[in-house]
Amino acid sequence: MSSSQRTQQQYDQYAESYDALDSGAAANALGFPQLRKELLAQASGHVLELAVGTGLNLPLYTADTVTALSAVDISGAMLQQAQRRVRGLQQSFTVDLKQGDVAALPYPDNTFDTVVDTFSLCVFPQPLAALQEAARVVKPGGRVLVLEHQRSSFAPLAWYQDVTAAAVAATGKGCYWNQDVKDQKKKAAAAADVLHQFVMGKANKLGEARSGRRCQHISS
């Protein structure tokens, strides 16, 4: 069984209880809902969301800036939960949910104005491949918006993240919270401009703009 197949099976099992973790008391205490809202306010045009899961972000997109929303997830059971949210939306733009692997996105090059990821790189079996795919499918001049767990630059907290990473992953549905997102971005040849850093360095919000085949720094 491949790592992607294992992830699919795991998240099929998590689907019914996922929201209790990702939008529960701990996430609220850390301010994650507000971080999601701030990030998604920057999404515009035809948007692709990676690993949409149960669709927690779906109500946060606005028709003032978003014209269409596509979303992909490896888990069919998670997409069933997301589809329930879609039926309750009061948005004028279309929403298309598709099952697929973020490491091999089922979309042509230069398709989307914005690509979004929130708290998913930490569970991807191939996070670098996912970032490369995001850069591939975003249009020249488009943006990749990322809100992710990040290894802290504060040494004591970074040490704590490292020694607890395996335990957190075991209880946090496979999420390794000590990843170095900025380093992953560099390795994926997608230069990122750090817009804000939150939660003592653990959650980073990153934005990048693509021009031609190169990703250029943006300011915000």
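Residues numbered from 1 in each chain as written. Predicted model: local features only at pLDDT ≥ 70, side-chain atom pairs only at ≥ 80, totals over all residues. Heavy atoms only, no water.

**Some details on the packing of aromatic side chains**
Put simply, the rule is: Classification of ring pairs uses Phe, Tyr and Trp, with its six-membered ring standing for Trp, and accepts pairs whose centres are within 6.5 Å; under 30 degrees between planes counts as stacked, over 60 as edge-to-face, and the remaining range as tilted. Between buried and exposed lies partly exposed: a residue is buried under 20% and exposed over 50% of the maximum accessible area for its type, with that area taken using a 1.4 Å probe on protein chains only.
Going through the model one piece at a time under the given rule, you end up with one aromatic pair. Taken together, a centroid distance of 5.0 Å and an interplanar angle of 85° make the contact between Tyr107 and Phe112 edge-to-face. Assigned by exposure class, Tyr107 and Phe112 land together as buried.

**Observations regarding the layout of surface pockets**
The condition that has to hold: Every definition here rests on a 1 Å grid over the protein atoms only: cavities are sets of points where a 1.4 Å probe fits but cannot get out, pockets are open sets enclosed by protein on both sides within 12 Å along at least five of seven lines, and lining residues have some atom within 4 Å of a point. Grid points are joined across faces, edges and corners, and a volume is the space filled by probe spheres set on the points. For this classification, Asp, Glu, Lys and Arg are treated as charged, while Ala, Val, Leu, Ile, Met, Phe, Trp, Tyr, Cys and Pro are nonpolar and the rest, including Gly, are polar.
By volume, the second largest pocket is sized at about 200 Å³. Of the residues contributing to the lining of the second largest pocket, the split by class is seven nonpolar, four polar and two charged.

**Topic: the nonpolar core**
Generally speaking, nonpolar side chains in soluble globular proteins are found buried as a group. Rule in force here: By convention a nonpolar core is built from buried Ala, Val, Leu, Ile, Met, Phe, Trp, Tyr and Cys residues, the set being connected through side-chain atoms within 4.5 Å. Helix and strand labels come from DSSP, where a helix needs a run of H or I of at least four residues and a strand needs a run of E of at least two; each type is numbered from the N terminus.
With 26 residues, the main nonpolar core has Leu48, Leu50, Leu105 and Val115 as its most contacted residues. Those elements that provide at least two residues to this core are β1 (45-50), β4 (112-118), α6 (127-137) and β5 (138-149). Examining the composition of this core, we find that four residues originate from one element, α6, more than from any other. Core analysis: the second largest hydrophobic core is formed by 22 residues, Ala43, Leu58, Tyr61 and Leu79 among them.

**What to know about the pairing of strand β3 (residues 94-99)**
Our working definition: What makes two strands pair is DSSP finding at least two bridges between them. Classification remark: right-handed applies to a crossover when, strands pointing away from the viewer, the course from the first strand over the helix to the second runs clockwise.
Two strands pair when backbone bridges link them, and strand β2 (residues 66-73) and β3 are joined in this way by six bridges, in the parallel orientation. The residue of β3 that forms the bridge with Ala71 is Leu97. Crossover connection from β2 via helix α5 (residues 76-87) to parallel β3: handedness right-handed.

**Details of the environment of Ser2**
Examined against the element boundaries, Ser2 turns out to sit in the segment before α1 (3-14). Judged by relative accessible area, which is 34%, Ser2 ranks as partly exposed. C-alpha separation for the pair Ser2 and Pro125, spaced 123 residues apart in sequence, amounts to 9.6 Å.

**Points about the pattern of salt bridges**
Counted only if it meets this: A side-chain nitrogen of Lys or Arg and a carboxyl oxygen of Asp or Glu constitute a salt bridge if their distance falls within 4 Å.
Scanning the entire structure with this criterion turns up three salt bridges. Between Lys139 and Asp113 there is a salt bridge, and its shortest N-O distance comes to 3.4 Å. One end of the pair, Lys139, is in strand β5; the other, Asp113, is in strand β4, with 26 residues separating them in the sequence. Residue classification places Lys139 among the partly exposed residues on the basis of a relative accessible area of 30%. We classify Asp113 as partly exposed; its relative accessible area is 26%. In this structure, Arg136 and Glu133 form a salt bridge, with 2.8 Å as the shortest nitrogen-oxygen distance. Within this pair, Arg136 and its partner Glu133 are both found in helix α6, separated by three residues, close to a single helical turn. Classification of Arg136 as partly exposed rests on a relative accessible area of 23%. For Glu133, a relative accessible area of 12% translates into the label buried.

**Structural notes on a nonpolar patch on the surface**
Worth spelling out the cut-off: Here, patches come from residues exposed beyond 30% relative accessible area and free of salt bridges, joined within 9 Å for like charges and within 5 Å for nonpolar side chains (Val, Leu, Ile, Met, Phe, Trp, Tyr). A 1.4 Å probe and the Shrake-Rupley method give the accessible areas. Residues count as covered only by the protein chains that appear here.
Residues Trp159, Tyr160 and Val163 make up a contiguous nonpolar surface patch of roughly 350 Å² in combined accessible area. Take Val163: it is sitting in helix α7 (residues 155-171).

**Some points on the environment of Leu131**
Relative to the assigned elements, Leu131 resides in helix α6. With relative accessibility at 5%, the residue Leu131 sits in the buried group. When the C-alpha positions of Leu131 and Val115 are compared, they lie 10.0 Å apart, and in sequence the two are 16 residues distant.

**Comments concerning the confidence of the model for the protein chain**
For the record, the criterion: One confidence number per residue, pLDDT, is output by the predictor and ranges from 0 to 100. The contact rule is simple, with two residues in contact once any of their heavy atoms fall within 4.5 Å.
Averaged over all residues, the pLDDT of the protein chain equals 77, while 75% of them reach at least 70. The model gives residues 190-202 a pLDDT under 50, and that stretch makes 51 contacts with residues more than four places away or in other chains. Throughout residues 211-220 the model reports pLDDT below 50, and contacts reaching past four residues in sequence, or to other chains, amount to 24 contacts.

**Observations concerning the pairing of β1**
Most of β1 sits out of view: five of its six residues are buried. Across three bridges, the pairing between β1 and β4 is parallel. Residue pairing in the sheet places Val47 in a bridge with Thr114 of β4.

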